[in-house]
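Examination of the molecular architecture
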Amino acid sequence: MATGRTHRPATRSRGIPEATVARLPLYLRALTALSERSVPTVSSEELAAAAGVNSAKLRKDFSYLGSYGTRGVGYDVEYLVYQISRELGLTQDWPVVIVGIGNLGAALANYGGFASRGFRVAALIDADPAMAGKPVAGIAVQHTDELEHIIESNGVSIGVIATPAGAAQQVCERLVAAGVTSILNFAPTVLTVPDGVDVRKVDLSIELQILAFHEQRKAGEEGGPESGGPAAAARAAAVVADDRKGPDGDMPAVMPA
């Protein structure tokens, strides 16, 4: 059986701040790119620029890992890749289930970045009986009636919800009751979970609305009605509202970073 449920990353017990944990994947992505180019060492300034943070923050973050680099040399790229991967729990197999195989769920199932980052899509689940047995990304879709059995038999502790908003909470409750303790939520709704369950939310419409806000402010500063302003922001909001659902009732496909 997979080990995803029996081992948890050590970040909280070791007192690493949540803000630092949130930046570790950024460092890992930058370091992985350096490793693929066979770069042996990197300075804090170079790595910070690649990760989009300042070097003082990076050095502080790495101090929580016990990595301080070598003066005049920098950080060993391969060792940092291993160290951060270990801290994030990526040195083991994490089976994941995706619930809701519409446009978005299918796109997530086809995303190749999961396997390369330590996550294995163990099952695809959908409530539509017509979807049962259909292959998506080489995996046969299973009906939600099998949800609890699938989670138990695969040792799943991470679930991805890509259902319409109205079904998300019920799916969430079933996942939690079956033993899932971490959820990535793509449904456009806020989930209620008990203590001990972590939820990360990805909402394309919110990100677009934030961008519309900034566009409106930039247009206001330029003072040109032709370049934007409230009307442009309203149009952007309308586009968001129209695009929140695809033909299967899901949000448009979004690829994780």
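For the structure given in this document, a descriptive report is provided here. (Residues numbered from 1 in each chain as written. Predicted model: local features only at pLDDT ≥ 70, side-chain atom pairs only at ≥ 80, totals over all residues. Heavy atoms only, no water.)

1. Concerning the overall build of the protein chain
- Counting secondary structure elements, the protein chain contains ten helices and nine strands.
- By the burial criterion, 39% of the 257 residues in the protein chain qualify as buried.
- For the protein chain, the share of sequence-separated contacts (at least 6 apart) that also reach a separation of at least 24 residues comes to 62%.
- Of the roughly 13600 Å² of accessible surface on the protein chain, a fraction of 56% belongs to carbon and sulfur atoms. (Helix = DSSP H or I, 4+ residues; strand = E, 2+ residues; numbered from the N terminus. Buried < 20%, exposed > 50% of the residue type's maximum accessible area, 1.4 Å probe, protein only. Contact = heavy atoms within 4.5 Å. Areas by Shrake-Rupley, 256 points an atom, 1.4 Å probe, with all protein chains shown as cover.)

2. Some points on the pairing of strand β4 (residues 119–126)
- Burial runs high along β4: six of the eight residues are buried.
- Summarising the sheet, strand β3 (residues 94–99) and β4 pair through six bridges and their orientation is parallel. Each residue of the ladder has a partner; that of isoleucine 98, found in β4, is leucine 124.
- In this sheet, strand β6 (residues 139–143) lies alongside β4 in parallel orientation, the contact comprising three bridges. Among the inter-strand pairings, isoleucine 125 is bridged to a residue of β6, identified as glutamine 142. (Pairing = 2+ DSSP bridges.)

3. Some thoughts on the sheet that holds strand β9 (residues 198–201)
- Reading across from one edge, β5-β6-β4-β3-β7-β8-β9 is the order of the seven strands in this open sheet, with mixed pairing throughout. Because the sheet does not close on itself, it has two edges, and the strands there are β5 (135–136) and β9.
- The sheet contact formed by strand β7 (residues 158–161) and strand β8 (residues 182–185) spans four bridges and is parallel. Opposite valine 160, over in β8, you have leucine 184 as the bridge partner.
- Packing of helix α7 (residues 147–154) onto the sheet brings it into contact with β3, β4 and β6, and relative to β4 it is tilted by some 165°.
- Seen against the sheet, helix α8 (residues 165–177) touches β3, β7 and β8 and runs at an angle of roughly 170° to β7. (Axes fitted to C-alpha atoms, helices over the stretch in contact; angles between N-to-C directions.)

4. What about the nonpolar core?
- Of all hydrophobic cores here, the largest spans 22 residues; its most connected members are Tyr27, Leu31, Val42, Leu47, Leu58, Phe62 and Ile84.
- Those elements that place two or more of their residues in this core are α1 (18–36), α2 (44–51), α3 (55–65) and α4 (77–87).
- For this core, the element with the highest residue contribution is α1, accounting for seven residues.
- Core analysis: the second largest hydrophobic core is formed by 20 residues, Ala122, Ile125, Leu147 and Ile161 among them. (Core = buried A, V, L, I, M, F, W, Y, C linked by side-chain atoms within 4.5 Å.)

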